[in-house]
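Each chain, written out:
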Amino acid sequence: MPMRHRTSALTALTVAALAAGSVLTAPAAGAAPKAAAPTFLSASQLPPHPTSSWTAGPVTDGFPESLGLCVSTEGVPSYAYRHREFRTDLDTSAVQLTVVTGTAAQAKALAKHYDDLIRTCADRVEESSPDVEAEGRDYGRLPVEEGARVRGLHTETSWGATDIALLSVGRDGRTVTVVRWGQMGDFDDAPVAAFRKTTTTAVDKLY
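This structure is a prediction, so every number in the text was calculated from the model and none was measured.

Describing the overall build of the protein
Regarding its fold elements, the protein presents four helices and eight strands. Going from the N terminus to the C terminus, the protein shows its helices and strands as α-β-β-β-β-α-α-β-β-β-β-α. When each of the 207 residues of the protein is scored for burial, the buried share is 50%. In the protein, once contacts between residues fewer than 6 apart in sequence are set aside, the share between residues at least 24 apart is 64%.

This is how it looks when you write it as structure tokens:
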């Protein structure tokens, strides 16, 4: 399928993120204490692509649109969002988001909120898009810093577009990171073991 068709399909699905339900407690008044900025993954730390090398974009302020299918800022306080996009020469892409909250308790709540959004993403996609079938899978927790969890999402449209994504949420202190890897394909094409390693590295190198 031409890439423009796949992009259009995913763009249409991002409306599912607007169904995010829970609202987190806003930070206490006053500026959050200053801390060193979180460190991001490098291109070499992404799951290896069999035929193309990864290219890393710059670290950029703001929330990445490429997370909009499952994760959004809906109902979340205005934290310090930063992200980095990655891509190959083919159809595979990735993104890492970091969110610095005011306290460890706020970060714990935010990590759970994001994981809940990812866990329920397949149901929201199917509810909002009748032409799409979606399935989520849980690949378990990782024992790194305050913990991380890896999940997968497969979507298939009635016109034949099929996409697979791996998503993870992890926390170190008052900072949360979300990593997403995606390409055309299904669960058989997902590099789960390599992505678990990537997630562990992402959380471990935040600080």
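Points about the packing of aromatic side chains
Taken as a whole and judged by the stated rule, the model has one aromatic pair. Seen in terms of ring centroids, Phe-63 and Tyr-81 are 5.6 Å apart; in terms of plane orientation they differ by 90°. Their pairing is edge-to-face. Separated by 18 residues along the polypeptide, Phe-63 in the loop between β2 (60–61) and β3 (80–87) and Tyr-81 in strand β3 bring together distant segments of the chain. Judged by its relative accessible area of 22%, Phe-63 is partly exposed. Residue class for Tyr-81 comes out buried when judged on its relative accessible area of 12%. Across from the ring centre of Phe-187, 3.8 Å away, lies the NZ or CZ of Arg-137, which sits over that ring.

Overview of the nonpolar core
Counting residues in hydrophobic clusters, the biggest one holds 27 residues, and the most contacted among them are Cys-70, Tyr-114 and Leu-153. Among the elements of the structure, β4 (93–100), α2 (104–119), α3 (121–128), β5 (132–142), β7 (162–172) and β8 (175–184) are those that each provide at least two residues to this core. It is α2 that provides the largest number of residues to this core, a total of six residues. When near neighbours in sequence (up to four residues on either side) are disregarded, Tyr-114 contacts Phe-63, Val-71, Ser-72, Val-76, Tyr-81, Leu-97, Val-99, Val-169, Val-176 and Val-178. One finds Trp-54, Leu-142, Val-179 and Val-192 within the second-largest nonpolar core, a separate group that totals 20 residues.

Thoughts on the state of the cysteines
Applying the stated criterion to the full structure yields one disulfide. The disulfide bridge from Cys-70 ends at Cys-121, spanning 2.1 Å between sulfur atoms. Here Cys-70 and Cys-121 share a disulfide; its torsion about the S-S bond, -85°, makes the bridge left-handed. With Cys-70 in the loop between β2 and β3 and Cys-121 in helix α3, this pair connects stretches of sequence that are 51 residues apart. Neither residue differs from the other here; Cys-70 and Cys-121 are each classed as buried.

Here's the deal with the pairing of β7
Here β7 lies mainly inside the structure; 10 of its 11 residues are buried. Bridge count for strand β6 (residues 148–157) against β7 is nine bridges, and the pairing is antiparallel. The residue bridging His-154 from the neighbouring strand is Ile-164, located in β7. Linkage of β6 to β7, two consecutive antiparallel strands, is achieved through a turn of four residues, within which Gly-160 is found at a positive phi near 105°. Note: β7 against β8, 10 bridges, orientation antiparallel. Each residue of the ladder has a partner; that of Ser-168, found in β8, is Val-179. Connecting β7 to the next strand, β8, in antiparallel fashion are two residues, including Gly-173 with a positive phi near 65°.

The rules behind each value
- Residues numbered from 1 in each chain as written.
- Predicted model: local features only at pLDDT ≥ 70, side-chain atom pairs only at ≥ 80, totals over all residues.
- Heavy atoms only, no water.
- Helix = DSSP H or I, 4+ residues; strand = E, 2+ residues; numbered from the N terminus.
- Buried < 20%, exposed > 50% of the residue type's maximum accessible area, 1.4 Å probe, protein only.
- Contact = heavy atoms within 4.5 Å.
- Phe/Tyr/Trp six-rings, centres within 6.5 Å; stacked < 30°, edge-to-face > 60°.
- Lys NZ or Arg CZ within 6 Å of the ring centre and 35° of its normal.
- Core = buried A, V, L, I, M, F, W, Y, C linked by side-chain atoms within 4.5 Å.
- Disulfide = S-S within 2.5 Å.
- Pairing = 2+ DSSP bridges.

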